[in-house]
Amino acid sequence: MKPFTYERATSTAQAAARAASVPGAKFVAGGTNLLDLMKIEIETPAHLIDVNGLDLAKIEPTPDGGLRVGALVRNTDLAADARVRRDYPVLARALLAGASPQLRNRATTAGNLLQRTRCPYFYDPDQPCNKREPGSGCAALAGYRRMHAIVGTSDACIAAHPSDMAVAMRVLDAQVETIRADGTTRSLPLADLHRLPGSTPHLETTLDAGELVTAVVLPPPPGGVHVYRKVRDRASYAFALVSVALVRQADGSGRVALGGVAPKPWRSEEAERALASDPQAVVDGLLKDARTSPDNAFKLTLARRTLDAAIADARSSR
Amino acid sequence: MKFDTPATKNPIDRLAVVGQPVDRIDGPLKTTGTARYAYEHHDAVAHPAYGYVVGAGIAKGTIRSMDLADAKASPGVLAIVTADNAGPLGKGDKNTALLLGGPKIEHYHQAIALVVAESFEQARSAARRIHVDYAREPGAFDLARARDSAVKPGTGKPDSAVGDFDGAFAAAAVKLDATYTTPDQSHAMMEPHASTALWDGDKLVIWTSNQMVAWGVADVAKTLGIPKEKVHLMSPFIGGGFGGKLFVRADAILAALGARAAKRPVKVALPRPLMFNNTTHRPATIQRIRLGATREGKLTAIAHESWSGDLPGGKPETAVDQTRLLYAGANRMTALRLAELDLAEANAMRAPGEAPGLMALEIAIDEMAQKLGIDPIQFRIANDTQVDPEHPERPFSKRRLIDCLNVGAEKFGWKARNPRPASTRDGRWLAGLGVAAAFRNNLVTKSGARVRLGKDGIVTVETDMTDIGTGSYTIIAQTAAEMMGVPLHRVVVRLGDSDYPVSSGSGGQWGGNSSTAGVYAACTKLREAVVAKLGLAGEAEFVDGRVRAGGRDVALADAAKGGELVAEDAMEYGDLAERYQQSTFGAHFVEVRVDAATGETRVKRMLAVCAAGRILNPKTARSQVIGAMTMGVGAALSEHLVVDRNAGFFVNHDLAGYEVPVHADIPHLDVVFLDETDPMSSPMKAKGIAELGICGVAAAVANAIHHATGIRVRDYPITLDKLLDRLPPSTDA
Amino acid sequence: MNESDAIDPSRRDALVFGRDLLLGGAAARWAGPSPAQAATANDPQAPVTVKLTLRVNGTAKSLALDTRTTLLDALREHLHLTGTKKGCDHGQCGACTVIAGGRRINACLSLAVMHDGDEITTIEGLGAPGHLHPMQAAFVRHDAYQCGYCTPGQICSSVAMLEELRRGIPSHAGADVAAAPTATPDELRERMSGNICRCGAYSNIIDAIGEVAGVRT
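Per an unreviewed UniProt entry, chain C goes by the name Xanthine dehydrogenase YagT iron-sulfur-binding subunit and belongs to Dokdonella fugitiva.

Chain B carries the name Xanthine dehydrogenase YagR molybdenum-binding subunit in an unreviewed UniProt entry, which gives Dokdonella fugitiva as its organism.

So, in structure tokens, the structure goes:
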């Protein structure tokens, strides 16, 4: 870990301005992923702006009947919120399927969205990795790929996004609110937050330098039956091989997003139109451009079967 | 004291303290965080400097150059140790690769430098400022590819043959010929390898996390080129070992070298992501098993061949060991073959040999029973043997495998099992029951102890024995309490210090029986000294803090009135282990659920029935068995060090990537100990238990998965991707 | 261990202490030279020292620490509270579990400076030999440990976990995420899954926790 100076932010605008103006500055909130990476110098901030003191830890109703989740709401608190459990159970379920209680007690909403891949080659400074060191190559391509993405990848990077929460938020059509260095704010669909790797896998989001996520806004509850089905090797405290977030309406229509298969939460509004009539067509659509290796080709089958299982869960819970 | 005739009645048989399920005497320390582990001796070492280990970034090759300038200039740096500046170093007898590499690199993450700094943060940061230029060389990393180049190893007994296997197999009415694979596995103990070292003149004082104190002293001395007498090694608490801390590792040597270079006490812990490739691991195996049987279910031909790899100079995984002893059969052969691989050093992990060997053999037995249409328990019973099948003149000292199977079947409800695979459904789950035999040889080895009787009547035991979570503190205290006739709280146990008599140490499930036998020997001598001191005549009885003999009844403490009495002795062994085959036996029963849609396997119930001689403390012994069962579940379902065959290293080298079981994976576990004593093993009449518990578990899980799904997986771990294509259609789920 | 030991300046090298003096006694909420100064600082490798106070087990502990110091290392190396263990240093094992501000967290993934003023409870704060916390006593009775290295984390975690259950925090194990959770064995197992025990004492740990929680396991 490289030395860094440290300050506690006093306002969101000040934090964003400082982050853009101080060389090497980074925000720190829960720190559960950032510190992990700083220890092996994959992240090397020269200055940390601790945003934990900012007034961003509230969950409030929005005028249209949705929920505004502050960026600093801890994963535990979001999952425990009565409105989330009642109206957005797919989100509560996804949160509770992630990490461990200790990590969820620290990890924040914004931090969860912005966490980085757990690709083992990314985590090993002795291995080439285009995400860590642009242009150095990708050891995973010819290496061990069981946990890696099969869609949305590139020749430069096949890393998967590890979040469960983000998959549920994607299926809920969440919006991300931010403040930029110049003090302006904006709202963007979560769908547009994460970039695909292309030739620049080190660029993971569409946020500007210094731009601070302030909240995630959930539109009014979508109704229907919510299922989050996470498939993993051990029963807890493990990343997903495949996960399915499903919101299914009484007529069989609904929304589907996949986790564990792509560099970002993976959803296709076009493909999911077939949900009521032909669920497998949804997976076909989602995974049509899949590029697999012998290590991870099983994810094609697993995604299909997990969606079937999620639909069966949804049916039986009504 | 020599143990060369079967044990007869002795003071231990009273079982007033031994055999009782007492709480661990070190429990209050461990549960309050006051037990001190190797990195935590702040009380003894006030201002240590911090060492951070740099591991090689390549698997094989040489260091062309190493630029230390940036690191040296980093704030707080006190010294940097490399092979270049460390002076001449030897190699420990128990090490295969050098603990400080360079210029030659033998495996990935082999230590190549230690940065010593004022603080941990400074040392870690400076370690990243070392720039290394490597010349890579191609290496062999893939066991399957290296299999054909494997040779008969020069150590041990690689081959065995009795009768005419080929002829009998060819003639057998029912045959099985199957190949199984087990992956590389990691000990992954919770406490990283850690050491604190300081030099007191030319004497090295080192606290390290090590299972074998005397081996540690010898190899530290040999590596550093100093006399053994100049090494004071202490290992009072060890945060798990499982074989991974049998040998001195880089943390100890580098802490010593760092302390010498920095002229300060230095402490070093291996960073978790370095451990998997830097230290030892259980090697992967490829095992071919051929069984021939009569239609009635008698085995007539048994062959087991195993291939494994290791660095040059290394040893094979002895995965065929149990097959030489477990089942009857007139015609048999086993063979071990060893390939050279340039991965990290392969070595012992909990039940080396039997653990991976039974992972294969006990699936094969299940497969054969299925072919024969015989219940797998009955098939095992039908092929039991009471003698060493290769040497029928050698009986087993005690062998109650059949009892284990029958008792377990009864308790587990085996009768209710529908023998047809894939026949039981529980909602979304496919349900299955599996069984496997457990077998692990019992080893005994010389072990010494010193016992003191203080003026206050307190009995103090000193031995370099270690407690790696096994309960040594407690069973040694129980032994001394029984022998001296005092309550448990009147016994003090001091372990893990090279100033104390050399013990068996902890490994190979030999520690419990051997170390307490050593304490028995020392206590026997102390009893004689007490009797002499008190001027008693005739057979003395030590009970309730009193000594009774010849009609007199004296307080034990009176013997030490004039000064502490001290006795030291060791238990040594004759040829009973040669004349009788000493092994431990058990049966594992597992019930699983396999998700019909996703193939996720979850363990629902488990039972182990063990016959392993006298159980010295049923509470701590049970813990050994449930811990081993848990590790067996990991071996069955998730544990797999994945080899990157290009770069030559274990890719998933942290505790997120290498998945050991968590709470949610493990149900309530049941253990039954058969009431047994084995007079051939030692005066304690006990045997090992800690490794028996893992032997066969993974196969029982695999057999249960087969029973649940009808899918036979011969390639561990049994992850869902190996089941997925053969599960029922998911729309039925 | 007393407080003055913890900030013994003789343990810092001159450069670090010099940087520390640069702070001019500024409040602990702010550390190091201003960022503008940092950008031009002579040595980007020079540690930045910050003063902070942790309220550990009811006692205020003032420390001057490198900003890089984790809460875990502050406890273990500076306050010599070594009951909190370092198993992985990356949030993958739970051996470092402490209770900070009433919540169990991984002390390895938190900077000490982020906890300035926080109440921290470690295993040493729960009980000591001779006067064990009920959970510690239950662990002894049930032999809910072997090597002991994960044990303090398991115990801190379980104490905080029962409080989470009492507060109605849901878990992955619950069938209905909207319903109030109940303390079933499966709930306890899921909620303790952030604490790895390689010795495999899980079955006994759940028995110990179950006894304290009044749950039949």
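Now that the structure has been shown, the text picks up again.
**Q** How should the overall build of chain C be read in this particular structure?
**A** Secondary structure summary: chain C contains nine helices and six strands in total. Taken across its 217 residues, chain C has 64% of its residues classed as buried. A separation threshold of at least 6 residues defines the contact pool for chain C, and within that pool the share at least 24 residues apart is 57%. Carbon and sulfur atoms provide 54% of the accessible area of chain C, an area that totals close to 6,900 Å².

**Q** Got a minute to help me understand the overall build of chain B in this structure?
**A** Within chain B one finds 16 helices and 32 strands. Seen along its three principal axes, the alpha-carbon backbone of chain B occupies a region of about 80 × 75 × 50 Å. The long-range fraction of contacts in chain B, counting pairs at least 24 apart against all pairs at least 6 apart in sequence, stands at 81%. For chain B, the exposed surface amounts to about 22,800 Å²; the carbon and sulfur share of it is 50%.

**Q** How should the UniProt feature "domain: Aldehyde oxidase/xanthine dehydrogenase a/b hammerhead" (unreviewed entry) in chain B be read in this particular structure?
**A** As recorded in UniProt, the sites labelled "domain: Aldehyde oxidase/xanthine dehydrogenase a/b hammerhead" (unreviewed entry) are residues 32-138 of chain B. For residues 32-138 of chain B, the helix share is 13%, the strand share is 33%, and the end-to-end C-alpha distance is 50 Å.

**Q** Is there a simple way to explain the sheet that holds strand S8 (residues 212-218) of chain A in this structure?
**A** Strand pairing in a sheet relies on backbone hydrogen bonds, with the paired strands running either antiparallel or parallel. All names here are of chain A. The strand order S4-S5-S8-S6-S7 describes an open sheet built from five strands, whose pairing is antiparallel. Of all strands in the sheet, those bounded by a partner on one side alone are strand S4 (59-61) and strand S7 (185-189). Neighbour to neighbour, the strand axes of the sheet diverge by 25 degrees on average, direction disregarded. In the sheet, S4 pairs with strand S5 (residues 67-70) via three bridges, with the strands oriented antiparallel. Among the inter-strand pairings, Ile 59 is bridged to a residue of S5, identified as Val 69.

**Q** Teacher, can you tell me more about the packing of aromatic side chains here?
**A** The geometry of an aromatic ring pair is captured by two quantities: the separation of the ring centres and the angle between the planes. A complete count under the given rule lists 17 aromatic pairs over all chains for this structure. Residues B:Phe276 and B:Tyr658 carry aromatic rings whose centres are separated by 5.8 Å and whose planes lie at 55 degrees to one another, so their mutual orientation is tilted. One end of the pair, B:Phe276, is in helix H8 (residues 272-278); the other, B:Tyr658, is in the loop between strand S31 (649-650) and strand S32 (669-673), with 382 residues separating them in the sequence. You'll find B:Phe276 and B:Tyr658 in the same group, each marked buried. One aromatic cluster is present, built from ring pairs that chain together B:Tyr37, B:Phe237, B:Tyr473 and C:Tyr149. In this structure, B:Lys175 packs its charged tip against the face of B:Phe169, placed 5.9 Å from the ring centre. Taking the ring centre of B:Phe412 as reference, the NZ or CZ of B:Arg605 above it sits at 3.8 Å.

**Q** Help me understand the interface of chain C and chain B in this model?
**A** The interface is formed by 64 residues belonging to chain C together with 67 residues belonging to chain B. Between chain C and chain B, the buried area comes to about 5,200 Å², and carbon and sulfur atoms account for 55% of it. Among the residues chain C hides against chain B, the three largest losses belong to C:Gln146, C:Arg198 and C:Tyr202. Together they make up 16% of the total. Taken together, the elements giving at least two residues each to the side of chain C that touches chain B come down to helix H2 (14-22), helix H4 (71-78), helix H5 (123-126), helix H6 (134-141), helix H7 (151-166), helix H8 (185-191) and helix H9 (202-213) of chain C. Of all the elements, H9(C) adds the most residues to the side of chain C that touches chain B, at six residues. Of the residues in the side of chain C that touches chain B, the class split is 25 nonpolar, 20 polar and 19 charged.

**Q** Please explain the pairing of S7(A) as it appears in this structure.
**A** Residues and elements named next belong to chain A. Direction of pairing for strand S6 (residues 175-179) relative to S7: antiparallel, over a ladder of five bridges. Residue pairing across strands places Thr 178 opposite Arg 186, the latter belonging to S7. The loop that links S6 with its antiparallel partner S7 comprises five residues; one of these, Gly 183, has a positive phi angle of about 90 degrees.

**Q** I keep staring at helix H5 (residues 89-97) of chain A and nothing clicks. Help me out?
**A** Each α-helix winds once per 3.6 residues, and so residues spaced three or four apart point in a common direction. Residues and elements named next belong to chain A. Burial analysis of H5 places nine of its nine residues in the buried class, the great majority of the element. Three or more residues of H5 are buried, namely Pro 89, Val 90, Leu 91, Ala 92, Arg 93, Ala 94, Leu 95, Leu 96 and Ala 97. Within two residues after H5, Ala 99 carries a phi angle of roughly 50 degrees, on the positive side.

**Q** What exactly am I supposed to notice about the packing of helix H15 (residues 618-637) of chain B against H9(C) here?
**A** Angle between the axes and distance between the axes are the two parameters that describe a pair of packed helices. Viewed as axis vectors pointing N to C, H15(B) and H9(C) meet at an angle of 115 degrees, and their least axial separation amounts to 8 Å. In contact with B:Arg622, B:Ser623, B:Ile626 and B:Thr630 of H15(B), H9(C) contributes C:Tyr202, C:Ser203 and C:Asn204. For the contact of H15(B) with H9(C), a count of residues per class yields two nonpolar, four polar and one charged.

**Q** Can you help me understand the interface of chain C and chain A in this one?
**A** Note on interface size: it is often stated as the accessible area lost on association of the parts. Taken together, the contacts link 57 residues of chain C with 46 residues of chain A. Between chain C and chain A lies a buried interface of about 4,000 Å² when both sides are counted; carbon and sulfur atoms form 56% of it. Inspection of the chain C/chain A interface yields two salt bridges. With a shortest N-O distance of 2.8 Å, C:Asp89 and A:Lys39 are connected by a salt bridge. Connecting chain C to chain A are 24 residue pairs in polar contact (both at pLDDT 80 or more). Those elements that provide at least two residues to the side of chain C that touches chain A are strand S1 (30-31), helix H3 (35-40), strand S5 (103-106), H7 and H8 of chain C. Ranked by the residues each element gives to the side of chain C that touches chain A, the list is headed by S5(C), at four residues.

**Q** What's the story with the sheet that holds strand S2 (residues 49-56) of chain C in this structure? I'm lost.
**A** Residues and elements named next belong to chain C. Overall, mixed pairing links the five strands, which are arranged S3-S2-S6-S4-S5 in an open sheet. Edge strands, defined here as strands with exactly one partner in the open sheet, are strand S3 (59-66) and S5. Direction aside, the axes of adjacent strands within the sheet are offset by 40 degrees on average. In this sheet, strand S6 (residues 119-121) lies alongside S2 in parallel orientation, the contact comprising two bridges. Following the sheet pairing, Arg 55 is matched in S6 by Glu 119.

**Q** Please clarify how the domain arrangement of chain B should be interpreted in this entry.
**A** Residues and elements named next belong to chain B. In terms of domain boundaries, chain B breaks down into domain 1 (2-35 + 444-577), domain 2 (49-138 + 194-271) and domain 3 (394-442 + 582-726). One C-alpha centre belongs to domain 1, the other to domain 2; they are set 37 Å apart. Counting residues at the interface gives 20 residues for domain 1 and 18 residues for domain 2. Summed over the three residues of domain 1 that lose the most area to domain 2, namely Ile 468, Gly 496 and Ser 498, the buried surface amounts to 33% of that side. Class assignment for the residues of the side of domain 1 that touches domain 2 results in seven nonpolar, seven polar and six charged.

**Q** Just to check I follow, could you spell out empty space enclosed by the protein for this structure?
**A** Where empty space is left in the structure can be found by rolling a water-sized probe over the atoms. Residue and element names in this part refer to chain A. In total, this model carries 14 cavities of 30 Å³ or more according to the counting rule given. Approximately 80 Å³ is the volume found for the second largest cavity. If you go around the second largest cavity, you meet 15 residues; those closest to its centre are Cys 119, Cys 129, Cys 138, Ala 140 and Cys 157.

Criteria and cut-off values
- Residues numbered from 1 in each chain as written.
- Chains lettered and ligands numbered in written order.
- Predicted model: local features only at pLDDT ≥ 70, side-chain atom pairs only at ≥ 80, totals over all residues.
- Heavy atoms only, no water.
- Helix = DSSP H or I, 4+ residues; strand = E, 2+ residues; numbered from the N terminus.
- Buried < 20%, exposed > 50% of the residue type's maximum accessible area, 1.4 Å probe, protein only.
- Contact = heavy atoms within 4.5 Å.
- Areas by Shrake-Rupley, 256 points an atom, 1.4 Å probe, with all protein chains shown as cover.
- UniProt positions renumbered as here; feature names shortened; annotations may be inferred.
- Pairing = 2+ DSSP bridges.
- Axes fitted to C-alpha atoms, helices over the stretch in contact; angles between N-to-C directions.
- Phe/Tyr/Trp six-rings, centres within 6.5 Å; stacked < 30°, edge-to-face > 60°.
- Lys NZ or Arg CZ within 6 Å of the ring centre and 35° of its normal.
- Buried area = accessible area lost by both parts, 1.4 Å probe.
- Nonpolar A, V, L, I, M, F, W, Y, C, P; charged D, E, K, R; others polar.
- Salt bridge = Lys/Arg side-chain N within 4 Å of Asp/Glu carboxyl O.
- Polar contact = N/O pair within 3.5 Å; in protein donor to acceptor, adjacent residues only side chain to side chain.
- Domains from an automatic or database assignment.
- 1 Å grid on protein atoms, 1.4 Å probe; cavity = no way out; pocket = protein on both sides within 12 Å on 5 of 7 lines; lining within 4 Å.
- Points joined across faces, edges and corners; volume = space filled by probe spheres on them.

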